[in-house]
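# Observations on chain architecture
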Amino acid sequence: MAIRCHTVENHHLTTDFTDQAAILLQTLVADGAALGWTSPPSRAEVADLLWEVVDDGPKDARLVIASVDDRLAGMGFWRRYLRPTYRPHADLEKVAVSLDFRRRGVARSLVEELVLTATDAGVEMLTLDFRGDNLGAEQLYLSCGFREYGRLPHFVAPDDVHRLDRVLHVRDLRPA
Ligand SMILES: CC(C)(COP(=O)(O)OP(=O)(O)OC[C@H]1O[C@@H](n2cnc3c(N)ncnc32)[C@H](O)[C@@H]1OP(=O)(O)O)[C@@H](O)C(=O)NCCC(=O)NCCS
């Protein structure tokens, strides 16, 4: 299976692409994916998010998608922190792979490309966080060179009742 990863630029943000990205995220959230939403995001919300990331520009943010046979298989992005004293660093978010393409290396390819683009942009530390019950994400990030630097017990509230840990990972991208 040939996985192609590339950075999304303004001219890629067509109606068709936005529809596909919205369907991907909505389907995963409806399926219970821990992507930061408690219910599937609207198409408008997804469109705003994609534009925000792409508008930040390639030195400050990068939206990367993975395609298989011209189908959108997955996506993810990093963005520099807004706080001036955190500007050398960026946060990796919304790594999401279609249910049709799981366990075939799509997320690994995405994360590798996101790490590569962040390194090229001079990002010093790439952070991310995920929900404590997301063991797939944990294995993925550990195998991609991230390490746990903290864990906030019972921090994530997917609903009114449940509380899950927030796990914090970092990969240091500075040259050794
Ligand atoms: C987590 C997610 C991105 C993994 O995508 P994927 O394309 O299936 O992952 P890959 O095939 O690239 O897997 C790479 C490695 O991650 C780990 N991994 C991925 N999914 C896993 C799972 N369900 N259980 C255990 N380990 C898993 C494995 O170490 C795997 O390597 P291996 O297949 O050689 O054992 C995907 O399940 C997803 O989109 N989940 C919903 C959204 C989400 O949770 N995103 C992360 C939030 S930060």
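Residues numbered from 1 in each chain as written. Predicted model: local features only at pLDDT ≥ 70, side-chain atom pairs only at ≥ 80, totals over all residues. Heavy atoms only, no water.

If you check an unreviewed UniProt entry, the protein chain appears there as N-acetyltransferase domain-containing protein from Luteipulveratus mongoliensis.

## Some details on unusual backbone geometry
For Asp-69, which is not glycine, the phi torsion reads 50° and is therefore positive. Backbone geometry at Arg-103 places phi at a positive 60°, although glycine is not the residue there. Counting through the fold element by element, Arg-103 comes out in the loop between β4 (90-97) and α3 (106-120). Take Arg-103: its relative accessible area is 84%, and that puts it in the exposed class. (Helix = DSSP H or I, 4+ residues; strand = E, 2+ residues; numbered from the N terminus. Buried < 20%, exposed > 50% of the residue type's maximum accessible area, 1.4 Å probe, protein only.)

## Points about the site of the ligand
The ligand sits among 20 residues. The nearest are Val-95, Val-97, Arg-103, Gly-105 and Asn-134. At 2.7 Å, a backbone N or O of Val-95 approaches a nitrogen atom of the ligand. A distance of 3.0 Å separates an oxygen atom of the ligand from a polar backbone atom of Ala-107. In the complex, the protein chains occlude 76% of the 900 Å² of accessible area that the ligand would expose alone. Comparing atom positions with the cavity grids shows the ligand to sit within the largest pocket. (Near = heavy atom within 4 Å. Polar contact = N/O pair within 3.5 Å; in protein donor to acceptor, adjacent residues only side chain to side chain. Areas by Shrake-Rupley, 256 points an atom, 1.4 Å probe, with all protein chains shown as cover. 1 Å grid on protein atoms, 1.4 Å probe; cavity = no way out; pocket = protein on both sides within 12 Å on 5 of 7 lines; lining within 4 Å. Sits in = over half its atoms within 2 Å of the grid points.)

## Regarding the pattern of salt bridges
What the rule picks out here adds up to 11 salt bridges. Note that Asp-100 is salt-bridged to Arg-71, the shortest N-O span being 2.9 Å. In this pair, Asp-100 sits in the loop between β4 and α3 while Arg-71 sits in strand β3 (residues 71-80), placing the two residues 29 residues apart along the sequence. Judged by relative accessible area, Arg-71 falls into the partly exposed class, the value being 44%. Connected through shared salt-bridge partners, Glu-138, Glu-148, Arg-151 and Asp-165 make up one network. (Salt bridge = Lys/Arg side-chain N within 4 Å of Asp/Glu carboxyl O.)

## Some remarks on the pairing of β4
Within β4, seven of the eight residues are buried, leaving the element largely enclosed by the surrounding structure. Bridge count for β3 against β4 is six bridges, and the pairing is antiparallel. Bridging from a neighbouring strand, Arg-79 pairs with Asp-91 of β4. With two bridges connecting them, β4 and strand β5 (residues 125-131) associate as parallel partners. Of the residues in β5, the one forming a bridge with Ala-90 is Leu-126. (Pairing = 2+ DSSP bridges.)

## Describing the packing of aromatic side chains
In total, this model carries three aromatic pairs according to the counting rule given. Judged by centre distance (5.8 Å) and plane angle (70°), the rings of Tyr-141 and Phe-146 are edge-to-face. Accessibility expressed as a relative area gives 7% for Tyr-141, which makes it buried. On the accessibility criterion, Phe-146 (3% relative accessible area) is buried. An aromatic cluster is defined as three or more aromatic residues linked by ring pairs; in this entry it consists of Phe-130, Tyr-141 and Phe-146. Positioned above the aromatic ring of Trp-37, the side-chain terminus of Lys-94 is 4.5 Å from the ring centre. (Phe/Tyr/Trp six-rings, centres within 6.5 Å; stacked < 30°, edge-to-face > 60°. Lys NZ or Arg CZ within 6 Å of the ring centre and 35° of its normal.)

## A word on the UniProt feature "domain: N-acetyltransferase" (unreviewed entry) in the protein chain
Here, UniProt's "domain: N-acetyltransferase" (unreviewed entry) annotation points to residues 1-167. With 32% helix and 31% strand, the stretch residues 1-167 has end C-alpha atoms that lie 32 Å from each other. (UniProt positions renumbered as here; feature names shortened; annotations may be inferred.)

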